[in-house]
Amino acid sequence: MKLSFRWYGDSDPVSLQYIKQIPTMHSIVTAIYDVPVGQVWEMDKILALKEKVEKAGLKFEVIESVPVHEDIKLGLPTREVYIENYKKNIENLAKAGVKVICYNFMPVFDWTRSQLDKELEDGSTALVYYKDQVDKLDPLNSELSLPGWDSSYTKEEMADLFAKYKALGEEGLWENLKYFLEQIIPVAELNDIKMAIHPDDPPWPIFGLPRIITKEENLDRFLKLVDSKYNGLTLCTGSLGCANFNNMPKLVDKYSAMGRIHFVHMRNVQVLDNGFEERAHLSSCGSLDMYAIMKALYDNGFRGYIRPDHGRMIWGETGRAGYGLYDRALGATYLNGLWEAIEKASK
């Protein structure tokens, strides 16, 4: 496996120097954060970021993410401009040696949680999702501020987006995703970049907005939209695994055998009747069998990029919720241990 670590650039309190000190750390997962969604990432910015990462002794091979503009998801006439810009970004990133681009197709916002700092029994704090709390919120008639929500929208813009997505529905979103893939995957093939869609997080509709990258049936449908090895998955164990209808070892075994997993986010969650809590990476700390997941990857020949996903805040650390150093470093060490044990036991 190629162990990697998410880094948010110079504003990230976790330094590249500290990340490099984690055993077997291979690469940095990052992005250009100061360019508006839908615009072209210029080569000078990309190369400056690459130089910074490589100067720290780490590889610059995975981008998370190149965001997809809402006009593309909605299928508006203006999508053509944004799709051309997306193609240019693929080309530019390929010139810089990038091998995988992670992205998502979630309407309006990315991941959603009801709280970023829920105190767990051991005194650590973690990201959680409690359905009853989220269900009480009205995004159109209140001052809604949820983790993962794009706060740049005005109430009027938000209402307009919701109305458009309601009219579009799931099938409309599928059609627009297919159109997008038909445009960009040939460019990815020409530039030898694997496109890796991230599942919806969590994998169910929120506030009536459609969500489609949620379960096995839908993952199968997605991969068939453009049946190319360059059209693949970011297999996020926490995003899919927070729903009991997703059997994570089974899904990982299936899609890694197909060669369609290009990037893995390893995160453990405790599934609850009313939602989920993010936990330490160790299998016994949550609902997921992390050993079985890693073994499925190994047995099917996966040797790609894996990063420890969201961590708790432990030992008094402060910073970006879910993205501190200490618990993610513990997670990376745990993944190293699992991989070594699986590798040695297989010989």
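Residues numbered from 1 in each chain as written. Predicted model: local features only at pLDDT ≥ 70, side-chain atom pairs only at ≥ 80, totals over all residues. Heavy atoms only, no water.

Trainee: Which parts of the structure should I look at to understand unusual backbone geometry?
Mentor: As a rule of thumb, non-glycine residues mostly have phi less than zero, and peptide bonds are mostly trans rather than cis. Cis geometry marks the peptide bond from Glu-64 to Ser-65; its omega dihedral reads -5°. On the secondary structure map, Ser-65 appears in the loop between strand 3 (59-64) and helix 3 (70-74). Across the junction of Asp-201 and Pro-202, the peptide omega takes the value 0°, indicating a cis bond. A positive phi angle, close to 65°, is found at Thr-24, a residue other than glycine. Here Thr-24 lies in the loop between helix 1 (16-20) and strand 2 (25-30). By relative accessible area, which is 54% here, Thr-24 ends up exposed. (Helix = DSSP H or I, 4+ residues; strand = E, 2+ residues; numbered from the N terminus. Buried < 20%, exposed > 50% of the residue type's maximum accessible area, 1.4 Å probe, protein only.)

Trainee: Any chance you could explain helix 9 (residues 248-257) here in plain terms?
Mentor: Within an α-helix, residues lying three or four positions from one another point in the same direction, as the helix has 3.6 residues per turn. Every buried residue of helix 9 is accounted for by Met-248, Leu-251, Val-252, Tyr-255 and Ser-256. Along the long axis of helix 9, the arc covered by the buried residues comes to 115°, so they all point the same way. On its buried side, helix 9 packs onto helix 7 (216-225), strand 8 (231-236), helix 8 (237-241), strand 9 (261-266) and helix 10 (290-299). Between a side-chain oxygen at the N-terminus of helix 9 and the backbone nitrogen of Lys-250 the separation is 3.1 Å; the capping residue is Asn-247. (Arc of directions from axis to C-beta. Contact = heavy atoms within 4.5 Å. Polar contact = N/O pair within 3.5 Å; in protein donor to acceptor, adjacent residues only side chain to side chain.)

Trainee: Just to check I follow, could you spell out the sheet that holds strand 5 (residues 115-119) for this structure?
Mentor: Pairing between the strands of a sheet comes from backbone hydrogen bonds, and it takes one of two forms, parallel or antiparallel. Pairing is antiparallel across the open sheet formed by four strands, whose spatial order is 5-6-11-10. Looking at the sheet topology across the chains shown, the edges are occupied by strand 5 and strand 10 (268-272). Each strand of the sheet is rotated relative to its neighbour by a mean of 35°, with strand direction disregarded. Direction of pairing for strand 6 (residues 125-130) relative to strand 11 (residues 275-279): antiparallel, over a ladder of three bridges. (Pairing = 2+ DSSP bridges. Axes fitted to C-alpha atoms, helices over the stretch in contact; angles between N-to-C directions.)

Trainee: Looking at this model, I keep getting lost on the sheet that holds strand 2. Mind explaining?
Mentor: Read around the closed barrel, eight strands run 1-2-3-4-7-8-9-12, paired in parallel fashion. Geometrically, the sheet is characterised by an average inter-axis angle of 30° between neighbouring strands, direction not taken into account. Direction of pairing for strand 3 relative to strand 4 (residues 100-103): parallel, over a ladder of three bridges. Note that in strand 4 the partner of Ile-63 across the bridge is Ile-101. Helix 2 (residues 43-55) rests against strand 2 and strand 3 of the sheet, and its axis sits at about 125° to strand 3.

Trainee: Please explain the pattern of salt bridges as it appears in this structure.
Mentor: When their charged atoms lie close together, side chains carrying opposite charge are able to pair. Enumeration according to the criterion identifies 27 salt bridges in this entry. Residue Asp-122 pairs with Arg-312 through a salt bridge whose shortest N-O separation is 2.9 Å. Here the residue Asp-122 occupies a position in the loop between strand 5 and strand 6, and Arg-312 occupies one in the loop between strand 12 (305-308) and helix 11 (326-345), the gap between them amounting to 190 residues. A salt bridge links Arg-267 to Asp-309, with the shortest nitrogen-to-oxygen separation between them at 2.9 Å. In this pair, Arg-267 sits in the loop between strand 9 and strand 10 while Asp-309 sits in the loop between strand 12 and helix 11, placing the two residues 42 residues apart along the sequence. Here Arg-267 and Asp-309 have matching classes, each one buried. (Salt bridge = Lys/Arg side-chain N within 4 Å of Asp/Glu carboxyl O.)

Trainee: Explain helix 2 to me, please; I cannot follow it from the model alone.
Mentor: The end-to-end C-alpha distance of helix 2 is 18 Å, a good match for the 18 Å that 13 residues give at a rise of 1.5 Å each. Turning to helix 2, its buried residues number three or more, namely Ile-46, Leu-49, Lys-50 and Val-53. Angular distribution of buried residues about the axis of helix 2 spans 100°; they occupy a single face of the element. Turned more than 90 degrees from where helix 2 packs its buried face, Asp-44, Glu-51 and Lys-55 sit exposed. (Expected span 1.5 Å × (residues − 1).)

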